[in-house]
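Listed below, chain by chain, are the residues.
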Amino acid sequence: MDTKDVIFELRTRHGLSQDALAEKLYVTRQAVSRWETGETLPNTETLKRLSMLFDISINTLLGSPRTLICQCCGMPLDDASLSREPDGSFNEDYCKWCYADGKFVYTSLAELTDFLVEHMSGETWPPEQARAYFAAKLPELDHWKAAEN
């Protein structure tokens, strides 16, 4: 779905006119109209306000142009699993299980690996195989790369 369609759908689902949405975002009705026709896109600050107003990520507002994965555990992300900053805004880099209330839940790669192996291994994915997979993949994620430096 394109950004213009996402904004139109959210606005109408919430029963807002273009004027009402414009007022909430401190922009003109013409700006909202241009977004909905695809003539322009909202600027970064307006995207943040739209995200907070409709409680969806900026990635979703932009039509989900990129696949998000948690940069701590590697889980695919959607709006329901995204973490939030203490101010309530979405953090599109981490899941809500790895990053909560402005803090990381797992303090070490070993701690996260142990948790993931315990909860994700089973008959079809033995613990040794799961541990080897996570040992290879997790260090490639931004959070653990930054922890090395």
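Coordinates for the structure precede this section.
All residue numbers refer to position in the chain's written sequence, counted from 1. Selection of residues for local features in this predicted model requires a pLDDT of at least 70, selection of side-chain atom pairs for listing and counting requires 80 or more, and totals for whole chains, interfaces and linings are taken over all residues. Neither water nor hydrogens contribute to the side-chain values; these are computed over all heavy atoms in the structure.

Draft legend 1. The arrangement of unusual backbone geometry in detail. Within the chain, tyrosine 26 stands out as a residue other than glycine whose phi angle is a positive 60 degrees. Assignment of secondary structure puts tyrosine 26 in the loop between helix H2 (18–25) and helix H3 (29–37). Note on exposure labels: buried denotes an accessible area under 20% of the residue type's maximum, exposed denotes more than 50%, and partly exposed covers the range between, all computed with a 1.4 Å probe on protein chains only. Classification of tyrosine 26 by relative accessible area gives exposed; the value is 70%. The phi dihedral of aspartate 55 falls on the positive side, at around 55 degrees, and the residue is not glycine. Labels follow the DSSP assignment, with helices taken as runs of H or I lasting at least four residues and strands as runs of E lasting at least two, numbered in each case from the N terminus. Relative to the helices and strands, aspartate 55 resides in the loop between helix H4 (44–54) and helix H5 (58–61). Owing to a relative accessible area of 44%, aspartate 55 belongs among the partly exposed residues under this scheme.

Draft legend 2. Broad picture of the packing of H2 against H3. Axis lines are fitted to C-alpha atoms, over the contacting stretch for helices. Their N-to-C directions set the angle, which ranges from 0 to 180 degrees. Where H2 contacts H3, the two axes come as close as 8 Å, and the packing angle between them is 110 degrees. Put simply, H2 runs roughly perpendicular to H3. Facing Gln18, Asp19, Leu21, Ala22 and Leu25 of H2, the residues of H3 in contact are Arg29, Val32, Ser33, Trp35 and Glu36. For the contact of H2 with H3, a count of residues per class yields five nonpolar, two polar and three charged. Angle categories are assigned with fixed cut-offs, so that under 35 degrees is roughly parallel, over 145 is roughly antiparallel, 65 to 115 is roughly perpendicular, and the rest are oblique. Two residues form a contact once any of their heavy atoms are found within 4.5 Å. Amino acids outside the nonpolar list (Ala, Val, Leu, Ile, Met, Phe, Trp, Tyr, Cys, Pro) and the charged list (Asp, Glu, Lys, Arg) are all regarded as polar, and Gly is one of them.

Draft legend 3. Representation of the pattern of salt bridges in the model. For this analysis, a salt bridge means a side-chain nitrogen from Lys or Arg found within 4 Å of a carboxyl oxygen belonging to Asp or Glu. Scanning the entire structure with this criterion turns up six salt bridges. Of the charged contacts in the structure, one is a salt bridge between glutamate 45 and lysine 48, with a shortest N-O distance of 3.4 Å. In this pair, glutamate 45 and lysine 48 are both assigned in helix H4, three residues apart and thus about one turn of the helix distant. In this structure lysine 48 comes out as partly exposed when scored by relative accessible area, which is 41%. The closest approach of N and O atoms between arginine 66 and glutamate 92, which form a salt bridge, is 2.8 Å. Residue arginine 66 is found in the loop between H5 and strand S1 (82–84), and its partner glutamate 92 is found in strand S2 (residues 90–95); the two are separated by 26 residues along the sequence. Given a relative accessible area of 45%, arginine 66 falls into the partly exposed group.

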